[in-house]
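Examination of the molecular architecture
If you want the building blocks of each chain, they are given just below.
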Amino acid sequence: MTATTERPADSTKEIGKDRRRKEDQRLITGRTRWTDNIVLPGMLHVAMVRSPFAHATITNIDKSVAEAATNVVTVITGADVAEEQGGLPNAWPITPDQIAPVHSPIAVDRVVFAGEIVAVIVARSAAEARDAAELVDVDYDVLPAALDLKEAAEDKVLAHPDLGTNKSAYWTFDSAQAGTGGNVEEAITKARTDGIVIEREYRQQRLIPAFMEPRSTVVDPTGEQITMWSATQIPHILKFLLAAVTGVSEAKIRVIAPDVGGGFGGKLQTTPEEFITFLLARRLGKPVKYTETRSESLMAAHHGRDQWQKLTLAADKDGKVTGLKVDLLADMGSHISLVGGGVPVLGAFMFNAIYKFPAYQFNCQTVLTNKTWTDAYRGAGRPEATFGIERLMDELAAELGVDPFVVREKNWITAEEFPFTTVAGLEYDSGNYEAATARAKELFGYDELRAEQMARRASGDPVQLGIGVSTFTEMCGLAPSRVLGSLDYGAGGWEHASVRMLPTGKVEVLTGVSGHGQGHETAFSQIAADRLGVAFEDVEILHGDTMVSHKGLDTYGSRSLVVGGEAIVKAADKVIEKAKPIAAHLLEASVDDIEFEAGRFSVRGTDQGLAIAEIALATFAAHNLPDGVEPSLDSDATFDPVNFNYPHGTHLCAMEVDTETGQVTMRKYAACDDIGNIINPLIVEGQLHGGLVQGIAQALWEEAVYDDAGTLVSGSFVDYLLPTAADTINFDLDHTTSPATTNTLGTKGVGEAGTIASTPAVVNAIVDAVRHLGINDIQMPCTPERVWNAIQGVHKGGATEAAAMPHFDPAEPGQDSTEGSAQ
């Protein structure tokens with residue numbers, strides 16, 4: 001019999017421990033099984049021929065030379081499989097009249113973005129397939145490309161001429177119509193007369209998820225099932241959609257997400273490459289593998305963000321906001337992807353952020369262009385919204401001539417007002433913005449840095465100091481199913497878990513979410529260990545295989561812990577309830593007298609008891625069970641939350657700006673986040689650090705850039721700038737705790753918090769450093785060149801209107817409010 005680790009009765013709870021991740025040992029010692037590591041007998045390899053043009057008609061494809069190349073098995077074009085390849089699904093049509101072009105895995109007669117697949121090589125080795133791809137001769141007639149988002153929205157050039165427009169869908173929310181608030185147009189009109197109106201336009205640049213492991217797919221059709229291994233975030237959803245598109249029975253498809261090296265939303269997708277590999281394996285009857293190159297990943301895996309935000313904020317003369325209007329243009333790229341159209345819609349519920357705005361309107365036009373399609377990227381709509389409102393709140397403070405915290409405190413929801421229904425119609429269940437802000441300011445040394453800023457201003461120091469504020473919340477733990485259904489989302493928001501009690505007392509937990517770097521195996525083991533009173537080491541987490549964990553909705557939107565973790569709790573509680581009658585029978589007591597604590601069933605008021613491991617063995621043996629009780633403790637649970645989840649926090653950033661060169665340097669970053677009860681502080685710290693760096697990178701370095709022909713010129717890590725540890729500083733982090741009321745663990749999501757909060761904190765700091773020069777915005781990424789050009793524009797008289805704007809002077813914290821309108 002396998003030995004079971006006894007858990008000391010006085011041991012501390014697992015929840016709250018700084019447990020090192022149990023999955024890390026195999027990851028850092030190279031004992032992983034990435035999809036590209038998989039080798040099967042007789043396996044063939046695939047290479048893609050991709051279009052170099054953003055928009056063109058395919059006039060001819062000569063594949064004869066490639067077909068004759070060494071060890072080439074076949075060459076497939078879109079025309080060869082036009083009737084059987086189907087189209088990639090869109091799971092979130094945000095309006096009934098949404099216009100969405102058919103997204104064929106292999107282009108048939110026209111390409112609509114640079115990087116689109118036009119032919120596929122199958123060969124005996126990956127190298128031979130890549131070599132043969134160079135031999136395919138494709139003739140194109142180049143067409144005008146729709147590349148500029150604003151021009152595309154005006155249909156100046158059509159990305160898909162057959163559709164007659166680039167406008168895909170128009171989605172709107174109006175608080176007056178929804179009954180959640182007042183009329184925003186009336187609020188703006190009134191503020192123009194006797195208040196303040198701030199109007200700004202902000203650019204959310206296009207970003208690339210740039211996950212560590214390139215996408216890879218292996219399909220084996222030789223068994224009773226067709227088995228696909230894929231570097232995906234969504235094995236269960238992928239299985240369903242493969243069946244729905246191809247007509248293959250879902251029961252005959254198995255999808256495995258083995259070790260997956262990062263995703264950030266970039267693997268929340270069903271890809272052309274997955275469908276092509278599936279099709280080829282079925283056609284050829286042999287295992288087939290495709291692994292993309294890094295340049296293919298940057299060029300053809302979906303991108304994120306890419307919006308223009310036109311924002312209008314109305315306030316009274318004291319800085320109390322009376323209305324917010326958002327007009328959004330969102331670039332969908334060449335196609336409407338799996339949930340791409342819904343990403344800006346998620347932001348619609350977050351522009352009001354932590355504030356009590358009385359009137360609100362959100363209007364979003366999604367637009368098709370001839371660029372790579374966009375979809376979720378860490379935060380998905382919520383970073384964009386947080387950036388917009390937190391930039392606006394700083395602009396309002398500058399107009400009033402007060403500290404940025406003054407307008408935030410005047411408008412935010414106070415701790416006593418929770419639960420609070422927002423102007424966007426969401427109910428925030430818990431929070432304490434005052435406590436998080438107080439702690440963040442303390443960590444940051446806010447007053448001291450403001451004093452230093454004042455001294456630098458007074459001395460005319462060429463290196464100015466700016467202080468950026470970002471107070472945020474987010475909706476995460478995507479659910480409940482009814483709400484998602486009301487938004488026309490194609491799936492639910494529930495999650496499933498199974499807990500198996502093995503005869504040896506060990507525990508297997510099957511979860512429908514699968515990790516790709518988050519630490520699921522560790523955190524879920526801590527939850528199950530605490531609930532069942534077993535040792536952490538005795539819990540095994542199984543995930544990512546649709547035949548092992550047959551039911552689930554996968555990993556995205558900071559839902560794994562708050563939805564998936566709660567399903568584990570409910571399944572574990574069912575195990576305990578199933579064990580109680582057996583324990584009572586063995587202890588010759590009434591079920592009503594049985595108590596369970598720390599892994600032991602005992603009779604109330606006595607020292608009689610049995611460990612859960614003993615009950616597990618007795619259940620397995622089934623020699624002495626109560627009549628009518630089945631010999632199994634195994635239990636399943638499905639959890640569908642009644643609400644979203646709302647973490648929040650205050651982030652502060654100090655940036656030094658050299659006004660002579662435009663160089664920006666991060667001086668200090670401090671944050672206090674409230675993510676409810678914490679399962680593993682070490683994992684949380686890692687999630688926050690990673691999220692912070694990604695958000696900071698948007699502010700300072702990252703941007704996907706296309707030339708006038710539609711070619712991605714930032715198609716390698718030479719030109720697409722990812723930060724390293726050497727580019728960042730140490731962060732000062734802490735947390736406050738307002739437990740969530742929507743799950744028994746009291747937890748909130750953390751995977752996206754750092755990314756959502758950090759970008760506006762950094763940009764606000766940079767603008768704060770040069771606002772006294774007349775600058776109120778610098779487009780991201782805030783490179784030295786862009787900062788220097790902004791300063792030079794002021795010196796040359798290019799920003800005289802901005803220069804006349806009032807601003808907060810740290811030397812005059814009591815400066816009176818300024819009346820009028822800032823345009």
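Residues numbered from 1 in each chain as written. Predicted model: local features only at pLDDT ≥ 70, side-chain atom pairs only at ≥ 80, totals over all residues. Heavy atoms only, no water.

**A word on the overall build of the protein chain**
Counting its regular elements, the protein chain contains 22 helices and 28 strands. A globule of 823 residues ought to have a C-alpha radius of gyration of about 28 Å, and the protein chain, at 28 Å, matches this closely. Taking all 823 residues of the protein chain together, 61% fall into the buried category. Considering only intrachain contacts with a sequence separation of at least 6, the fraction spanning at least 24 residues in the protein chain is 79%. Of the accessible surface of the protein chain, which amounts to about 29,800 Å², a share of 50% is contributed by carbon and sulfur atoms. Taken as two groups, the 68 positive and 113 negative side-chain charges of the protein chain have centres that lie 2 Å from each other. (Helix = DSSP H or I, 4+ residues; strand = E, 2+ residues; numbered from the N terminus. Rg over C-alpha atoms; globule rule 2.2 N^0.38 Å. Buried < 20%, exposed > 50% of the residue type's maximum accessible area, 1.4 Å probe, protein only. Contact = heavy atoms within 4.5 Å. Areas by Shrake-Rupley, 256 points an atom, 1.4 Å probe, with all protein chains shown as cover. Lys, Arg positive; Asp, Glu negative; His and termini not counted. Charge placed at Lys NZ, Arg CZ, Asp CG, Glu CD.)

**Here we look at helix α16 (residues 520–532)**
With 13 residues, α16 extends 18 Å between its outermost C-alpha atoms, agreeing within 8% with the 18 Å of an ideal straight helix rising 1.5 Å per residue. With respect to burial, α16 is a largely interior element, 12 of its 13 residues being buried. Taken as a whole, α16 has its buried residues at His520, Glu521, Thr522, Ala523, Phe524, Ser525, Gln526, Ile527, Ala528, Ala529, Asp530 and Leu532. Backbone geometry just after α16 places glycine 533 at a positive phi near 70 degrees. (Expected span 1.5 Å × (residues − 1).)

**Description of the nonpolar core**
Counting residues in hydrophobic clusters, the biggest one holds 105 residues, and the most contacted among them are Leu313, Tyr360, Phe362, Tyr669, Val762 and Ile766. Ignoring any residue separated from it by four or fewer positions in sequence, one finds valine 762 in contact with Cys653, Met655, Met666, Tyr669, Ile696, Ala699 and Leu700. Among the nonpolar cores identified, the runner-up in size contains 43 residues, and Val499, Phe524, Val575 and Ile594 belong to it. (Core = buried A, V, L, I, M, F, W, Y, C linked by side-chain atoms within 4.5 Å.)

**Overview of the domain arrangement of the protein chain**
Many authors give the size of an interface as the accessible area that is lost as the parts come together. One can read the domain layout of the protein chain as domain 1 (35–143 + 214–260 + 267–300), domain 2 (168–207 + 302–477 + 643–791) and domain 3 (502–636). Look at where the C-alpha atoms of domain 1 and domain 2 centre, and you get two points 37 Å apart. Each partner contributes residues to the interface: domain 1 has 32 residues there, and domain 2 has 32 residues. The largest per-residue losses of area from domain 1 upon contact with domain 2 belong to Trp92, Ile94 and Leu298, which jointly make up 25% of the total buried on that side. There are zero salt bridges connecting domain 1 and domain 2. One can count 11 residue pairs in polar contact (both at pLDDT 80 or more) joining domain 1 with domain 2. (Domains from an automatic or database assignment. Buried area = accessible area lost by both parts, 1.4 Å probe. Salt bridge = Lys/Arg side-chain N within 4 Å of Asp/Glu carboxyl O. Polar contact = N/O pair within 3.5 Å; in protein donor to acceptor, adjacent residues only side chain to side chain.)

**Thoughts on the side chain of threonine 736**
Summarising the element assignment, threonine 736 is placed in strand β28 (residues 732–736). Among the polar contacts listed, one links the side chain of threonine 736 to the side chain of aspartate 674, at a separation of 3.3 Å.

**Considerations on helix α14 (residues 446–459)**
Between the first and last C-alpha of α14 there are 20 Å, a value that for 14 residues agrees with the 20 Å anticipated at 1.5 Å per step. Within α14, burial applies to Tyr446, Leu449, Arg450, Gln453, Arg456 and Arg457. Along the axis of α14, the buried residues cluster in a sector spanning 120 degrees; they form a single face. The exposed residues of α14 that point more than 90 degrees off its buried face are Asp447, Glu448, Ala458 and Ser459. Turning to α14, the residues buried within the fold contact α12 (404–411), α13 (433–444), β18 (463–473), β26 (648–658), β27 (664–674) and α20 (753–770). (Arc of directions from axis to C-beta.)

**Side note on the packing of helix α7 (residues 235–246) against helix α8 (residues 272–284)**
Where α7 contacts α8, the axes come no closer than 11 Å and their chain directions differ by 60 degrees. Comparing their axes, α8 and α7 come out oblique. Crossing handedness for the pair α7 and α8: right-handed. Packed against α7, whose contacting residues are Leu238, Leu241, Leu242, Val245 and Thr246, the element α8 presents Glu274, Phe275, Phe278 and Arg282 at the interface. (Axes fitted to C-alpha atoms, helices over the stretch in contact; angles between N-to-C directions. Parallel < 35°, antiparallel > 145°, perpendicular 65-115°, else oblique. Left-handed = near helix turned anticlockwise from the far one by under 90°.)

**Considerations on the sheet that holds strand β2 (residues 56–62)**
One open sheet holds the three strands; their spatial order is β4-β2-β6, and the pairing between them is antiparallel. Here the strands that pair on one side only, and so sit at the sheet edges, are β4 (110–111) and β6 (137–142). Taken together, the six bridges between β2 and β6 define a ladder with antiparallel strand orientation. Opposite isoleucine 61, over in β6, you have valine 138 as the bridge partner. (Pairing = 2+ DSSP bridges.)

**Some points on the sheet that holds strand β21 (residues 539–542)**
Ordered by their spatial adjacency, four strands build an open sheet running β21-β20-β19-β25, and the pairing between neighbours is mixed. Every interior strand has two partners, whereas the edge strands, β21 and β25 (635–639), have only one. Taking each pair of neighbouring strands and ignoring which way they run, the sheet shows an average axis angle of 20 degrees. Direction of pairing for strand β19 (residues 495–501) relative to strand β20 (residues 507–511): antiparallel, over a ladder of five bridges. Looking at β20, one finds that methionine 501 is bridged to valine 507. Packing of α16 onto the sheet brings it into contact with β19, β20 and β21, and relative to β21 it is tilted by some 130 degrees. Sheet strands touched by helix α17 (residues 560–587): β19, β20 and β25. Its angle to β25, the strand with the most contacts, is close to 145 degrees.

**Concerning the packing of aromatic side chains**
Taken as a whole and judged by the stated rule, the model has 15 aromatic pairs. Consider the rings of phenylalanine 596 and phenylalanine 601, whose centres lie 4.5 Å apart with planes at 45 degrees: the pair is tilted. Overall, the relative accessible area of 0% leaves phenylalanine 601 in the buried class. Pairwise contacts between aromatic rings join Trp171, Phe349, Phe351 and Phe362 into one cluster. The ring of phenylalanine 211 carries lysine 267 above its face, with NZ or CZ at 4.6 Å from the centroid. Over the aromatic face of tryptophan 494 sits the side chain of lysine 551, whose NZ or CZ is 5.6 Å from the ring centroid. (Phe/Tyr/Trp six-rings, centres within 6.5 Å; stacked < 30°, edge-to-face > 60°. Lys NZ or Arg CZ within 6 Å of the ring centre and 35° of its normal.)

**Topic: the pattern of salt bridges**
A complete count under the given rule lists 54 salt bridges for this structure. Between aspartate 194 and lysine 190 there is a salt bridge, with its nearest N and O atoms 3.4 Å apart. Taken together, the residues span about one helical turn, with aspartate 194 and lysine 190 both in helix α6 (residues 184–194) at a distance of four residues. The exposure class of aspartate 194 is partly exposed, given its relative accessible area of 35%. One salt bridge in this structure joins arginine 771 and glutamate 395, with 2.5 Å as the shortest N-O distance.

**Here we look at the packing of helix α11 (residues 382–400) against α12**
Packing of α11 against α12 brings their axes to within 8 Å, and their N-to-C directions diverge by 115 degrees. Classified by the interaxial angle, the pair formed by α11 and α12 is roughly perpendicular. α11 and α12 meet at a crossing whose hand is right-handed. Within the contact between the two elements, α11 uses Glu390, Met393, Asp394, Leu396, Ala397 and Leu400 and α12 uses Pro404, Val407, Arg408 and Asn411. Class assignment for the residues of the contact of α11 with α12 results in six nonpolar, one polar and three charged. (Nonpolar A, V, L, I, M, F, W, Y, C, P; charged D, E, K, R; others polar.)

**So, the environment of glutamate 417**
Topologically, glutamate 417 is positioned in the loop between α12 and β16 (420–421). When its relative accessible area of 28% is taken as the criterion, glutamate 417 is described as partly exposed. Once residues within four sequence positions are removed from consideration, glutamate 417 is found in contact with Lys356 and Trp412.

**Side note on the pairing of strand β1 (residues 44–50)**
Within a regular beta strand, the side chains point alternately toward one face of the sheet and then the other, so they alternate between its two faces. Counted residue by residue, β1 has seven buried out of seven residues, so it is predominantly covered. Going residue by residue along β1, you find Leu44, Val46, Met48 and Arg50 tucked away on one face and His45, Ala47 and Val49 tucked away on the opposite face as well.

**Things to note about the side chain of asparagine 680**
Mapped onto the fold, asparagine 680 is located in the loop between β27 and α19 (681–700). Residue classification places asparagine 680 among the buried positions, given a relative accessible area of 3%. Here isoleucine 683 takes part through its backbone nitrogen, which lies 3.1 Å from a polar atom of the side chain of asparagine 680. Filtering out sequence-adjacent residues up to four positions away, asparagine 680 remains in contact with Lys17, Asp18, Arg19, Thr522 and Gln526.

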